[in-house]
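Examining the three-dimensional arrangement
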Amino acid sequence: MILSTKGRYGLKIMYELALNYGEGPMPLKEVAQRQQLSETYLEQLIAHLKKAGLVRSIRGAQGGYELIRKPEEISVGEIIRTLEGPLAPSECVMDDEPECSKAENCVTRLIWEKIMEGINNVVDSITLNDMVNDYY
């Protein structure tokens, strides 16, 4: 499974906001400069993060974006699923997919379920605060 730029860049946005947590809003332009990413593309991603209730925007000259919750309360999994959707290695194990007619006799379904569970356990156990602490 390979994450798209949505998930990878979204984590970078949230990391920068976590570094800035408690300091007031951070302009997206600054995030883009610090991570050497396109501000235009980050604007698209931040809209999804805002809609999901992970960030809020502050208008005005001193405006920007900030985390709604503390960095230790936001998991990497929550961010990635917001931007990428379910972290499933196969469509047949996604919650919103109809039950496969061959599920009972499928030799690979259990493997896909275990992979999905493992991935979700890992990304849900890592918080933005962990990312900040691991980098510094």
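As a starting point, this report considers the structure included with it.

The rules behind the values
- Residues numbered from 1 in each chain as written.
- Predicted model: local features only at pLDDT ≥ 70, side-chain atom pairs only at ≥ 80, totals over all residues.
- Heavy atoms only, no water.
- Helix = DSSP H or I, 4+ residues; strand = E, 2+ residues; numbered from the N terminus.
- Buried < 20%, exposed > 50% of the residue type's maximum accessible area, 1.4 Å probe, protein only.
- Arc of directions from axis to C-beta.
- Contact = heavy atoms within 4.5 Å.

Considerations on the environment of Thr108
Relative to the elements of secondary structure, Thr108 occurs in the loop between α4 (76-84) and α5 (109-125). A relative accessible area of 28% places Thr108 in the partly exposed class. Remark: the alpha-carbon pair of Thr108 and Val93, spanning 15 residues in sequence, is separated by 11 Å.

Examining helix α2 (residues 28-35)
The complete set of buried residues in α2 reads Leu28, Val31 and Ala32. The arc that holds the buried residues of α2, viewed along the axis, is 100°, so those residues lie on one side. Considering only its buried residues, α2 is in contact with α1 (5-19), α3 (39-51) and β2 (64-67).

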